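As a plain string of letters, each chain reads:
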Amino acid sequence: MGRLNSIQDLRTLREKLKKEQENGRPTVVVCGGTGCDTFGGHAIYEALSNVIKDKGLEGKVSLKKTGCQGFCERGPLVNLWPGNIFYQKVREKDASKIIDETVLKGKVIENLLCPDPQTGKPVHIQAEVPFYKKQLRLVLRFNGIVDPTRIDDYIAVGGYSSLEKVFENMSPEQVIKEVADSGLRGRGGAGFPTGKKWEFVRKATGDIKYIICNGDEGDPGAFMDRSVLEGNPHQVLEGMIVGAYAMGCRKGYFYVRAEYPMAVEHVQKAIDQARELGLLGQDILGRGLDLDLEIKKGAGAFVCGEETALIASIEGKRGMPRIRPPYPAISGLWGKPTCINNVETLANIPIIIEKGAKWYSSIGTQGSKGTKVFALAGNVRNTGLVEVPMGTTLREIIFDIGGGIAKGRKFKAAQIGGPSGGCVPEEHLDTPIDYESLQKVGAIMGSGGLIVIDDKTSMVEIARYFMNFVQDESCGKCVPCRIGTRRMLEILNRFLQGEGKESDLDLLLELAANTRETSLCGLGQTAPNPVLSTIRYFRHEYETLLKKPTPEAAKAETVESKEKVKEGIEAG
Amino acid sequence: MKKETLKLEPNVELNSLEKYIKGLNHHLSTADLIPLLQYTQDSFGYLPRQAMELISKQTRIPMSRVFGVASFYTQFSFVPKGKFTIKVCVGTACHVRGSEKVKARISELLGIKDGKTTADYRFTLELVACLGTCALGPIVVIGSSKKAESCCGGPMKQTLALGDKFYGQVSPEKVQEILGRYAKE
Ligand SMILES: Cc1cc2nc3c(=O)[nH]c(=O)nc-3n(C[C@H](O)[C@H](O)[C@H](O)COP(=O)(O)O)c2cc1C
Ligand code: FES
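Residues numbered from 1 in each chain as written. Chains lettered and ligands numbered in written order. Predicted model: local features only at pLDDT ≥ 70, side-chain atom pairs only at ≥ 80, totals over all residues. Heavy atoms only, no water.

*Asks:* Just to check I follow, could you spell out the overall build of chain B for this structure?
*Replies:* Regarding its fold elements, chain B presents eight helices and four strands. The order of helices and strands in chain B, counted from the N terminus, is α-α-α-α-β-α-α-β-β-α-β-α. Burial statistics for chain B: of 185 residues in total, 55% are counted as buried. Summarising the internal contacts of chain B: among those between residues at least 6 apart in sequence, 71% fall at separations of at least 24. Surface summary for chain B: the accessible area is close to 8800 Å², and the carbon and sulfur share equals 53%. (Helix = DSSP H or I, 4+ residues; strand = E, 2+ residues; numbered from the N terminus. Buried < 20%, exposed > 50% of the residue type's maximum accessible area, 1.4 Å probe, protein only. Contact = heavy atoms within 4.5 Å. Areas by Shrake-Rupley, 256 points an atom, 1.4 Å probe, with all protein chains shown as cover.)

Laid out in structure tokens, this is it:
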């Protein structure tokens, strides 16, 4: 396969690849996400491959490995086409049966199907499984369909077609207008309108402009960006090329956490393959656009997800944020105009261009358009990756898709938005998910971590957990964050040790307000949120801890948390 | 957090690092500092002082800044790690599913606290916040921290940490059996 020199070349290649894939061969798809791999996904792939070889079925049955399909709890997952038959919890020993029975004879193996939690009846087709039924998969549309390590797969399903549209019919200004009209807002946390950001960068003056994909995803409990980068990196790449065209960027970076080796590997492969085809490099598709991309691996610092700290890190400095303005759009990497967008934000771009702003903005609510991917985890039955239209309620996500609380326990709170977010109690479960509604109940959209907490968990302990995290990750540059988080942590520790004082609650609230208002960056400004939201909704748990050892207090303050506090103090 | 440093630095072989820097074949700038430190960390399992001095000389970045950057990021260590690094996730999702008990059990079995290495340099125990496999928490990842074999000769391929093995839904009861797999190798 040579370099593509024109849009026509890309079209011809797609047609050719499509024909090759429409050969009617049955296809066995194994989920290759890290989750399924943990349960032996790779071994199953090998086993299936061996069975196919042994039975002389090579060339008659296709086998491929895709990115994360989201239902990690039920891994390893195997999909069979045609028919979209969905097998879960597959083991190595099932390999020959799958080929013999299902692929060759068309018989479904009942005990590998996913049972419907309500009726207990096995569900045959993936789209019918309750976990998938209520989802709307746009960003994740090709996770589970394409092999992320092969650009051919992506092109065959229509990948990179937004470039055709953009290069042929749209000026950079029109692209920006389309993105603005779609109503897309940044998925990295703050929810800034993407079209507006792009316009700032386009209008900024500089001999070179940069585009950076923020794949730092430091929020504990979040794994959306990881799954997109691992499962379909080309969609993000495509979004970056469109962005580079619209804003006039010639150089771009993928900033990926070092904790995500598979994401780094897949992104690197995607870049190499795109470069080989001439979708990156000089004079892309003969349209005079130059863009090269490079990976920068993070070195393990939560604060480096913040845009100015991320820039410092790429520049080879300590990853500390600086005061904004000037915003990176005006003065970013090496002092040049820089656009920083989250992975999921960029993955939305090809969809918006393909389907149009009007279509995209018909999904979601007044102020929040499109879909959002959530990482559903914690004490919930169906953990995994979930994509829903904005405006879906928390209850629908946790109970309809997530299947409710695990181990027959009761729901207590949903922690949303990570260390900058808050805990939403039962009475607000019908809150629709959009940027404004979540803020109203004291949480934030954040990057999309959604952790379900059951009734055996102490909320003061949760607040302490997050405070310990931000205290540890505070870069130490500004005083309110460095010292404020430390003092708040000490007070929370006191509570949990049964040494809290009446005045401590007020002191905590005062410290929280000060830290929030005076910290330099988003880390400190949002650090008090978990404390504030737990006091707001679970004040009684703090108060119980204040009363001298009543039976409940003794129960809430389990031996476990006591030990943790001690360790925390020693470590601190 | 303050990082531990070695009182007595052993002599280390720097040929491979020198070769690697030469192989980069471009004018080194500050942007190369972190990737060079990452390469060093991966090759030696820690950042030997002599290696940092070499990097400082080659990049013309003062040693104080090299040290400043190295001490800022959690990925870098100034002391050698054990043959296997055990990472216990204490991210939120794993936390609410009881990762603390798993950690306690590992600590107990190995007789070390987190951040420490066993006397025979077999195991290092680390706590990490989220490995991105939250759906399967509690997560424990065991990997070989010294990847010199796979990366010193050739260019640093990104497959480095892939040798890591993920264990999902780990309970304290399972710990002993898992650790057992690494006791002999
Ligand atoms: C402490 C802190 C951590 C952050 N971490 C991330 C992150 O991991 N990923 C991300 O995309 N944005 C993160 N952000 C937000 C970025 O600063 C920035 O707003 C975002 O990348 C912009 O992209 P968007 O407009 O597409 O959302 C973080 C912000 C703060 C204050
Ligand atoms: S919280 Fe443990 S892997 Fe995410």
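*Asks:* Help me understand the sheet that holds strand E8 (residues 251-256) of chain A in this model?
*Replies:* Pairing between sheet strands relies on hydrogen bonds along the backbone, with the strands arranged either parallel or antiparallel. Residue and element names in this part refer to chain A. On the basis of which strands lie adjacent, the open sheet formed by five strands has the order E9-E10-E8-E7-E11 and mixed pairing. The outermost strands of the open sheet, each flanked by one partner alone, are strand E9 (281-284) and strand E11 (338-342). Ignoring which end each strand starts from, the neighbouring axes of this sheet average 25° apart. As paired strands, strand E7 (residues 210-215) and E8 are joined by six bridges and run parallel to one another. Note that in E8 the partner of Gly215 across the bridge is Val256. Sheet strands in contact with helix H11 (residues 233-247) are E7, E8, E9, strand E10 (289-297) and E11, and its direction is about 130° off that of E10. (Pairing = 2+ DSSP bridges. Axes fitted to C-alpha atoms, helices over the stretch in contact; angles between N-to-C directions.)

*Asks:* Any chance you could explain the pattern of salt bridges here in plain terms?
*Replies:* Side chains that differ in sign of charge can pair as their charged atoms come close. All names here are of chain A. Summed over all chains, the structure comprises 44 salt bridges over all chains. Linking Arg202 and Glu173 is a salt bridge whose minimum nitrogen-to-oxygen distance equals 3.3 Å. Pair noted here: Arg202 is in helix H9 (residues 194-203) and Glu173 is in helix H8 (residues 172-182), with a separation of 29 residues, a long-range link. By sharing partners, the salt bridges in this structure join Arg11, Arg14, Glu164 and Glu168 into a single network. (Salt bridge = Lys/Arg side-chain N within 4 Å of Asp/Glu carboxyl O.)

*Asks:* Just checking my understanding: could you explain the packing of aromatic side chains for this structure?
*Replies:* Two numbers describe a pair of aromatic rings. These are the distance of the centres and the angle of the planes. Applying the stated rule across the entire model yields 19 aromatic pairs over all chains. Summarising the aromatic geometry, the rings of B:Phe72 and B:Tyr73 are spaced 4.9 Å apart at their centres and angled 80° between planes, so their arrangement reads as edge-to-face. As far as burial versus exposure is concerned, B:Phe72 and B:Tyr73 are alike and both buried. One aromatic cluster in this structure is built from A:Phe71, A:Phe86, A:Phe131 and A:Tyr132. Sitting over the ring of B:Phe78, B:Lys3 keeps its end group 5.9 Å from the ring centre. (Phe/Tyr/Trp six-rings, centres within 6.5 Å; stacked < 30°, edge-to-face > 60°. Lys NZ or Arg CZ within 6 Å of the ring centre and 35° of its normal.)

*Asks:* Would you mind going over the packing of helix H6 (residues 99-110) of chain B against helix H8 (residues 172-183) of chain B with me for this structure?
*Replies:* Angle between the axes and distance between the axes are the two parameters that describe a pair of packed helices. All names here are of chain B. Relative orientation of the contacting elements H6 and H8 amounts to 45°, with a least axis distance of 9 Å. Judged by the inter-axis angle, H6 sits oblique to H8. Judged by the twist between their axes, the crossing of H6 over H8 is right-handed. Across the interface between the two elements, Lys101, Val102, Arg105, Ile106, Leu109 and Leu110 from H6 touch Pro172, Val175, Gln176 and Leu179 from H8. (Parallel < 35°, antiparallel > 145°, perpendicular 65-115°, else oblique. Left-handed = near helix turned anticlockwise from the far one by under 90°.)

*Asks:* Is there a simple way to think about the packing of helix H3 (residues 41-54) of chain A against helix H4 (residues 95-105) of chain A in this case?
*Replies:* All names here are of chain A. At a minimum axis separation of 8 Å, H3 and H4 run at an interaxial angle of 50°. Relative to H4, the element H3 is oriented oblique. Helix-helix and strand crossings are classified by hand; for H3 and H4 the assignment is right-handed. Contacts between H3 and H4 involve Ala47, Leu48, Val51 and Ile52 from the first element and Ala95, Ser96, Ile98 and Ile99 from the second.

*Asks:* Help me understand the side chain of A:Thr485, please; the structure alone is not making it clear to me.
*Replies:* Residue and element names in this part refer to chain A. Summarising the element assignment, Thr485 is placed in helix H19 (residues 479-496). What makes Thr485 buried here is its relative accessible area of 0%. The residues touching Thr485, leaving out its near neighbours within four places in the chain, are Met467, Val470, Gln471, Pro480 and Ala527.

*Asks:* So what exactly am I meant to see when it comes to the interface of chain B and chain A here?
*Replies:* As a measure of interface size, the accessible area lost when the parts come together is often cited. With 45 residues of chain B at the contact, the number on the chain A side is 57 residues. Together, the buried faces of chain B and chain A total about 4000 Å²; carbon and sulfur atoms form 58% of this surface. On the surface where chain B and chain A come into contact, there are one salt bridge. Note that A:Glu73 and B:Arg97 form a salt bridge whose closest N and O atoms lie 3.6 Å from each other. Remark: the boundary between chain B and chain A carries 20 residue pairs in polar contact (both at pLDDT 80 or more). Breaking the side of chain B that touches chain A down by element, the ones donating at least two residues are helix H2 (33-44), helix H4 (63-72), helix H5 (92-95), H6 and strand E4 (165-167) of chain B. (Buried area = accessible area lost by both parts, 1.4 Å probe. Polar contact = N/O pair within 3.5 Å; in protein donor to acceptor, adjacent residues only side chain to side chain.)

*Asks:* How should I be thinking about a nonpolar patch on the surface in this particular structure?
*Replies:* Taken together, the side chains of A:Trp81, A:Ile145 and A:Val157 present a nonpolar region at the surface, about 220 Å² in accessible area. Mapped onto the elements of the fold, A:Val157 is located in the loop between helix H6 (151-156) and helix H7 (161-169). (Patch = residues over 30% accessible without salt bridge, like charges linked within 9 Å, V, L, I, M, F, W, Y side chains within 5 Å.)

*Asks:* Is there a simple way to explain the nonpolar core in this structure?
*Replies:* Across soluble globular proteins, nonpolar side chains show a tendency to be buried alongside one another. Counting 131 residues, the largest nonpolar core has A:Tyr160, A:Trp198 and A:Phe254 as its most contacted members. With nine residues, H11(A) is the single largest residue contributor to this core. Discounting chain neighbours no more than four positions away, the residues touching A:Tyr160 are A:Leu10, A:Arg14, A:Ile151, A:Tyr154, A:Ile155, A:His234, A:Leu237, A:Glu238, A:Ile241, A:Ala274 and A:Leu279. With 67 residues, the next largest nonpolar core counts A:Ile212, A:Leu310, A:Phe469 and B:Ile34 among its residues. (Core = buried A, V, L, I, M, F, W, Y, C linked by side-chain atoms within 4.5 Å.)

*Asks:* It is not clear to me how the sheet that holds strand E3 (residues 78-81) of chain A should be interpreted in this structure. Could you clarify?
*Replies:* All names here are of chain A. Across the sheet, four strands lie side by side as E2-E1-E3-E4; this open sheet has mixed pairing. Single-partner strands in this sheet number two, and they are strand E2 (62-66) and strand E4 (85-87). Neighbour to neighbour, the strand axes of the sheet diverge by 20° on average, direction disregarded. Inspection of the sheet shows strand E1 (residues 27-31) paired to E3 by four bridges, in the antiparallel sense. Residue pairing in the sheet places Val29 in a bridge with Asn79 of E3. On top of the sheet, H3 reaches E1, E2 and E3; it is set at about 170° to E2, its chief contact.

*Asks:* How do you make sense of the site of ligand 1 when you look at a structure like this?
*Replies:* Residue and element names in this part refer to chain A. Residues in contact with ligand 1 amount to 18 residues; listed here are only the nearest, Gly188, Lys197, Glu217, Asn342 and Thr345. At 3.4 Å from an oxygen atom of ligand 1 is found a main-chain nitrogen or oxygen belonging to Ile340. Looking at the shell around ligand 1, the elements with two or more residues in it are E11 and helix H21 (522-526). Take the shell around ligand 1: its biggest share by element is three residues, from E11. Per-class residue counts for the shell around ligand 1 are three nonpolar, nine polar and six charged. (Near = heavy atom within 4 Å. Nonpolar A, V, L, I, M, F, W, Y, C, P; charged D, E, K, R; others polar.)

*Asks:* Is there a simple way to think about the domain arrangement of chain A in this case?
*Replies:* Residues and elements named next belong to chain A. Once the domains are mapped, chain A shows domain 1 (25-81 + 85-124), domain 2 (151-361) and domain 3 (372-572). Spacing between the C-alpha centres of domain 1 and domain 2 amounts to 34 Å. Each partner contributes to the interface: domain 1 provides eight residues, whereas domain 2 provides seven residues. Note on domain 1 versus domain 2: buried area summed over both sides is about 450 Å², and carbon and sulfur give 49% of it. (Domains from an automatic or database assignment.)

*Asks:* What exactly am I supposed to notice about helix H12 (residues 261-277) of chain A here?
*Replies:* Spacing of three or four residues puts side chains on the same side of an α-helix, whose turn is 3.6 residues. All names here are of chain A. Over its 17 residues, H12 extends 25 Å from the first C-alpha to the last, a length consistent with the 24 Å expected when each residue adds 1.5 Å. Every buried residue of H12 is accounted for by Pro261, Met262, Ala263, Val264, Glu265, His266, Val267, Ala270, Ile271, Ala274 and Leu277. Gly278 occupies a position one or two residues after H12 and carries a positive phi of about 80°. (Expected span 1.5 Å × (residues − 1).)

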